[in-house]
Protein chains: 2
Amino acid sequence: MDKLLDLLRAQRAKHLDWLRQLGAIPSVSTEDEHRTDVRQAVDEVCRLCMGIGLSAAVCETGGHPLVVAEHCHAAGAPTCLVYGHADVQPMGDPARWNTPPFEPTVVDDWMYCRGAADDKGPLLVYLRAAEAWLSGTGKLPINLKILIEAEEEVGSPNLRAFLEQNRERLACDTILISDTGLFQDHWPTITTGTRGLCYKEVVLSGPTGNLHSGLGGPVVNPANALARLIATLHDDQGRVNIPGFYDDVVEPTAEERAQLAALPFDDQQYARDLGVPSLHGEPGWNTLELGTVRPTLDVNGIYGGYMEPGSNTIIPARAGAKISMRLVPNQRAATISRLFNEAVRARCPAGVRCEIIDHALAEPYYATPAGPAMQAAQLALRESFGRDVALLRSGGSLPIVNTFRDLLGVNSILIGLDSPNCNAHGPNEKICLSDLDRGAETMVRLFGYLAETH
Amino acid sequence: MDKLLDLLRAQRAKHLDWLRQLGAIPSVSTEDEHRTDVRQAVDEVCRLCMGIGLSAAVCETGGHPLVVAEHCHAAGAPTCLVYGHADVQPMGDPARWNTPPFEPTVVDDWMYCRGAADDKGPLLVYLRAAEAWLSGTGKLPINLKILIEAEEEVGSPNLRAFLEQNRERLACDTILISDTGLFQDHWPTITTGTRGLCYKEVVLSGPTGNLHSGLGGPVVNPANALARLIATLHDDQGRVNIPGFYDDVVEPTAEERAQLAALPFDDQQYARDLGVPSLHGEPGWNTLELGTVRPTLDVNGIYGGYMEPGSNTIIPARAGAKISMRLVPNQRAATISRLFNEAVRARCPAGVRCEIIDHALAEPYYATPAGPAMQAAQLALRESFGRDVALLRSGGSLPIVNTFRDLLGVNSILIGLDSPNCNAHGPNEKICLSDLDRGAETMVRLFGYLAETH
């Protein structure tokens, strides 16, 4: 094992180049103009897999392509499926980036670029570990399958169909995913659950065109109406105010709450890290709980009327808001979608028209941290990071874990490598290179330990 | 008089070219990139004034320049000051225009372009009338002064100072302004009052950058907070909910209300014209009253987070709204500004920071429709349009009328020429060419009748 870890460490510079090359590709799956860039990122991952000795192929879907790589020559050993994604979020306002978002830049122990943390850096640790085993022993101790898609940031619209058509090919005993976060920098973490997502866009329209605001008085202003409508979606306590929204919520066990409470967490420091004056949420839950085991409703974007600098005295013809809800077990995304639509339509004032657009649905997920593979992962993490593993849920969504559970019948082990301050989806996204190194070491060890779990 | 009107009509094609040339200049005073275009429009007006025999000069101010033209050779006759503005609003979304906003296009009896109605078409009727008198008689029956500024759409920040420095030069007995609307197409109208304006921008900011919405729960979302804040600014009845907002409001007299009620107005048709499903407003007031004698609060623009097509799961770092209030006598813009700031600051939730930007202030205005000049105007309108004049207030603002009253001690006669459907400030702004012709005839007559009022 020490020899394999030495082999791994010797390749660090080359592995950094892998990330540089992959990170430089603007594989923004949400924007059509980046279609060829997304394909290029997929091709690059495929090329890297083949380069280390895996058999790999780019597979077409109804949307962006994906990569399936494999090395299944360990007869009798367990089979492990690795999942990751090569697509990224839009850069947002380029002025907020300190370095160009698609020019990967290393500053101290951090790599900055869109996708560094979500999910290009983390997905590469599995390739690094496989390379160490293959170059050091000529084989892998387990049967390895790797699935890297490129539609995660748009809700993986074609992955379910692909899995349905490839159940045999992707059959496995364990699923490993690194697309979640570390509890704190350098603190090894297994994510035991993820929140679901129900993402909507509400558009209120009134006059045919923008009106001179001197006509104001008898006309319902779509932007005012939208604000009033959004305001109804929370009560004064900060709870989501949609009838039935909390009906299916399962509260965490006393044990899980105690475990969370035992983790050191400094609200003041967290507020400073985010840059907010103070933290607030639904009463009765602490910050970690609010961000993981409780559901939310957030406006992700709002627009309407005159949005440029200066002023323009108009009544907007229309105004819209992108609104997403993070869901927890056992909320069902389809149910919440229906409840949201019913509440919004019922509350839409007379005088404007209401359109609701569906953007994405994802189910929440939870799996108790037990079983030999989960134990192996905790051991490998503890040895590689030098401390006990934190077990907690993620506030984000990972729709794929439910799809895997549905179609392959296997729970996923979510081994996060992103710093809490990695700023995934925001400007200056970054990842800690040492944590990536420790992650790669973890996978070298874990491949070995998983071989012993069968 | 008939000879003068014939002379006027003979020049119709040339006068249409004046409007074409002036309308083609994108003199958007709210956008810095159009600075030279604004100056070009001012130069063009000056050139036209000199072309018809007025002495004219472009005058610098602290911002965009203005034109002062004059022809004061009628000893013993009254002096009339004409005011207009050569600047225009931004075009807004170009996709909503059927023809390019700065390519004046005639369709049937209408001229389409930004500024056709507000205020390039109307301001030119005074030049047309002066030209008829000068070419027909070699003189004007009154002393004429013309002031055309280019900062009306940004609140005329430099006009007061210019008037203070030029009181003597602009001294007059009557002020004529055509920057208001017709009650209905082809229905001559004098506007007896205008609403004031208090235009604000409220920006709420939270996290330093946009956050992944998976972090949602303990963080106050600036867009949600903004919506809740805006929602508080009206009560459930549609009244503005700012303490003290209505304290200084003077309700219209029973006579004025009866006069308004006597005007034919079809709510259903008005809703269809605007494209809205129905009309709504503060209870107890009809549509005409809501739009003229009652104050309002409207969101003119709202923005924050991800505003592009598709979805992005972020919590916005900031969100803002442009909010303007239309004011009625005797509300004071400065008082309303203070009350708005106090209410917004008091209601800004913890967890976000609040910034309030001031965009514009304008006082409301009202003048009873009496006196010989007002009678002369009604006579000239009746003869030119062939029907009795409608007297009503405008829902928009015309800050200059208060400034004139303050500094020159003279009330203004507001002779509207814009159609109710002219869509000033919106896409496909237009003006009825026949109404402009009747407006020019009105001014030919009015110059003569004013000479007899002294």
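Going by the structure above, here's the rest.
So, here's what we can say about the structure.

Parameters at a glance
- Residues numbered from 1 in each chain as written.
- Chains lettered and ligands numbered in written order.
- Predicted model: local features only at pLDDT ≥ 70, side-chain atom pairs only at ≥ 80, totals over all residues.
- Heavy atoms only, no water.
- Helix = DSSP H or I, 4+ residues; strand = E, 2+ residues; numbered from the N terminus.
- Rg over C-alpha atoms; globule rule 2.2 N^0.38 Å.
- Contact = heavy atoms within 4.5 Å.
- Areas by Shrake-Rupley, 256 points an atom, 1.4 Å probe, with all protein chains shown as cover.
- Disulfide = S-S within 2.5 Å.
- Buried < 20%, exposed > 50% of the residue type's maximum accessible area, 1.4 Å probe, protein only.
- Salt bridge = Lys/Arg side-chain N within 4 Å of Asp/Glu carboxyl O.
- Least-squares fit on C-alpha atoms with pLDDT ≥ 70 in both.
- Pairing = 2+ DSSP bridges.
- Axes fitted to C-alpha atoms, helices over the stretch in contact; angles between N-to-C directions.
- Arc of directions from axis to C-beta.
- Phe/Tyr/Trp six-rings, centres within 6.5 Å; stacked < 30°, edge-to-face > 60°.
- Lys NZ or Arg CZ within 6 Å of the ring centre and 35° of its normal.

In terms of helices and strands, chain A carries 13 helices and 19 strands. The C-alpha radius of gyration computed for chain A amounts to 23 Å, which stays within 12% of the reference 22 Å derived for 454 residues, consistent with globular compactness. Projecting the C-alpha coordinates of chain A onto the three principal axes gives extents of approximately 80 × 50 × 45 Å. Pairs at least 24 residues apart make up 81% of the contacts formed inside chain A by residues separated by at least 6 positions. Accessible surface, chain A: about 16000 Å² in total, of which carbon and sulfur atoms supply 48%.

For the rest of this paragraph, the subject is the state of the cysteines. Tallying each qualifying case throughout the model produces zero disulfides over all chains. Between Cys-198 of chain A, a free cysteine, and Cys-354 of chain A, which holds the nearest cysteine sulfur, the sulfur-to-sulfur gap is 14 Å. Just so you know, Cys-422 of chain B is unpaired, no disulfide at all, and the nearest cysteine sulfur is the one on Cys-432 of chain B, 11 Å from it. A relative accessible area of 7% means that Cys-422 of chain B is categorised as buried.

A separate point is the pattern of salt bridges. Tallying each qualifying case throughout the model produces 51 salt bridges over all chains. Notably, a salt bridge pairs Arg-39 of chain A with Glu-60 of chain A, separated by 2.8 Å at the nearest N-O pair. Linking Arg-39 of chain A in helix α3 (residues 35–51) with Glu-60 of chain A in the loop between β1 (55–59) and β2 (66–71), this pair joins segments that are 21 residues apart in sequence. Exposure remark for Glu-60 of chain A: the relative accessible area of 47% places this residue in the partly exposed category. Residues Arg-294 of chain B and Glu-282 of chain B are paired through a salt bridge, measuring 2.6 Å at the closest nitrogen-oxygen approach.

This paragraph deals with the relation of the copies chain A and chain B. Structural alignment of chain A on chain B gives an RMSD of 0.1 Å, achieved by rotating through 180° and translating 0.1 Å along the axis. In the structure described here, the two chain copies are related by an operation that fits a two-fold rotation axis. In this assembly the copies share their binding face: 100% of the residues contributing to the interface of chain A also contribute to that of chain B.

In this section: the pairing of strand β10 (residues 196–205) of chain B. All names here are of chain B. Judged by how many residues are buried, β10 sits mostly within the fold: nine of ten residues are covered. Where β10 meets strand β14 (residues 318–327), ten bridges bridge the pair, whose relative direction is antiparallel. Paired with Glu-201 across the bridge in β14 is Lys-322. One ladder, built from nine bridges, connects β10 with strand β15 (residues 353–362); its direction is antiparallel. What sits directly across from Val-203, in β15, is Glu-355.

Structurally, Asn-312 of chain A can be placed in the loop between β12 (296–305) and β13 (314–315). In this view, Asn-312 of chain A contacts Tyr-306 of chain A together with Gln-89, Pro-90, Tyr-199, Asn-300 and His-425 of chain B; residues no more than four positions away in its chain are not counted.

With that settled, consider the sheet that holds strand β3 (residues 79–85) of chain B. Residues and elements named next belong to chain B. On the basis of which strands lie adjacent, the open sheet formed by eight strands has the order β1-β2-β6-β3-β7-β18-β8-β17 and mixed pairing. This sheet does not close on itself; its edge strands, each paired only once, are β1 (55–59) and β17 (390–392). Sheet twist, expressed as the mean angle between neighbouring strand axes with direction ignored, is 20°. Here β3 runs beside strand β7 (residues 174–177); their pairing, made up of four bridges, is parallel. Within β7, the residue paired with Leu-81 across the bridge is Ile-175. Together, β3, β6 (143–149), β7 and β18 (412–416) form the strand contacts of helix α14 (residues 433–451), whose direction differs from that of β7 by roughly 175°.

Residue and element names in this part refer to chain A. Among the residues of helix α1 (residues 2–10), Leu-4, Leu-5 and Leu-8 are the ones counted as buried. The buried residues of α1 all sit within an arc of 100° when viewed along its axis, so they share a single face. Residues of α1 that are exposed and angled more than 90 degrees away from the buried face: Asp-2, Lys-3 and Ala-10.

By the definition in use, this model includes eight aromatic pairs over all chains. Summarising the aromatic geometry, the rings of Tyr-83 of chain B and Phe-404 of chain B are spaced 5.7 Å apart at their centres and angled 75° between planes, so their arrangement reads as edge-to-face. Of this pair, Tyr-83 of chain B sits in strand β3 while Phe-404 of chain B sits in helix α13 (residues 399–408), and the two are 321 residues apart along the sequence. Assigned by exposure class, Tyr-83 of chain B and Phe-404 of chain B land together as buried. On the basis of an interplanar angle of 90° and a centroid distance of 5.1 Å, the ring pair of Phe-183 of chain B and Trp-187 of chain B is categorised as edge-to-face. In this structure Phe-183 of chain B comes out as buried when scored by relative accessible area, which is 8%. Taking the ring centre of Trp-110 of chain A as reference, the NZ or CZ of Lys-430 of chain A above it sits at 4.3 Å. In this structure, Arg-387 of chain B packs its charged tip against the face of Trp-187 of chain B, placed 3.8 Å from the ring centre.

Turning to the environment of Thr-335 of chain B, a few remarks are in order. Residue and element names in this part refer to chain B. By secondary structure assignment, the location of Thr-335 is in helix α11 (residues 333–347). Look at Thr-335 and you get partly exposed, because its relative accessible area is 25%. On a C-alpha basis, the gap between Thr-335 and Leu-19 in space is 40 Å, while along the polypeptide they are 316 residues apart.

So, about unusual backbone geometry. Glycine aside, residues mostly have negative phi angles, and peptide bonds mostly take the trans form. Omega for the bond connecting Pro-329 of chain A with Asn-330 of chain A falls within 30 degrees of zero, at -5°, which places this linkage in the cis form. Along the chain, Asn-330 of chain A falls in the loop between β14 (318–327) and α10 (333–347). The phi angle at Asn-423 of chain A is positive, at roughly 60°, despite the residue not being glycine. As for its position among the elements, Asn-423 of chain A is in the loop between β18 (412–416) and β19 (430–432). The backbone of Asp-108 of chain B sits at a positive phi, close to 55°, despite the residue not being glycine. Following the sequence through the fold, Asp-108 of chain B ends up in the loop between β4 (105–107) and β5 (110–112).

All names here are of chain B. With respect to topology, three strands assemble into an open sheet ordered β4-β5-β19, the strand pairing being antiparallel. Strands with a single pairing partner mark the edges of an open sheet, and in this sheet they are β4 and β19 (430–432). Adjacent strand axes in the sheet meet at a mean angle of 25° when their direction is disregarded. The strands touched by helix α4 (residues 116–137) are β5 and β19; relative to β19, the strand with the most contacts, the crossing angle is about 40°. Packing of α14 onto the sheet brings it into contact with β4, β5 and β19, and relative to β19 it is tilted by some 60°.

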